[in-house]
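Chain by chain, the residues run as shown.
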Amino acid sequence: MNLKKWFVAMAIALPVGVYAGQPVDINNASAGELATALDGVGMARAVAIVEFRDEHGPFQVAEDL
């Protein structure tokens, strides 16, 4: 499964995870900060988010996760 498809699957599986934790700047947070602040996001997923963000540019809205 490529990274883009994985992110789409995660967006469908965890739509509430972004809202349930502490506020976090998804465009500047480190993987560790994302893993800590976002419910349902562990370190592996947080690393993938940062890698995707670095490759494709900043997210426009939280739903882009």
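The rules behind the values
Residues numbered from 1 in each chain as written. Predicted model: local features only at pLDDT ≥ 70, side-chain atom pairs only at ≥ 80, totals over all residues. Heavy atoms only, no water. Helix = DSSP H or I, 4+ residues; strand = E, 2+ residues; numbered from the N terminus. Buried < 20%, exposed > 50% of the residue type's maximum accessible area, 1.4 Å probe, protein only. Contact = heavy atoms within 4.5 Å. pLDDT = per-residue confidence, 0-100. Core = buried A, V, L, I, M, F, W, Y, C linked by side-chain atoms within 4.5 Å.

Asker: Explain the overall build of the protein chain to me, please; I cannot follow it from the model alone.
Answerer: Counting secondary structure elements, the protein chain contains four helices and zero strands. Going from the N terminus to the C terminus, the protein chain shows its helices and strands as α-α-α-α. Counting the 65 residues in the protein chain, one finds 29% classified as buried. In the protein chain, the proportion of contacts linking residues at least 24 apart, taken out of those at least 6 apart, comes to 45%.

Asker: Help me out: how do you make sense of the confidence of the model for the protein chain in this one?
Answerer: In regions of low pLDDT, the predicted coordinates are not meant to be interpreted in detail. Summarising the model, the protein chain shows a mean pLDDT of 79, and 66% of its residues fall at 70 or more. Within the protein chain, helix α2 (residues 17-20) has the poorest average pLDDT of any element, 47, and helix α4 (residues 43-56) the best, 95. Contacts for the low-pLDDT stretch residues 12-19, under 50 throughout, to residues beyond four places or in other chains number eight contacts.

Asker: Would you take a moment to explain the nonpolar core for this structure?
Answerer: One recurring pattern in soluble globular proteins: nonpolar side chains tend to sit buried together. One finds Ile-26, Ala-29, Ala-31, Leu-34, Leu-38, Val-41, Ala-46, Ile-49, Val-50, Phe-52, Phe-59 and Leu-65 forming the largest nonpolar core, which totals 12 residues. Secondary structure elements with two or more residues in this core: α3 (31-37) and α4. The leading source of residues in this core is α4, at four residues.

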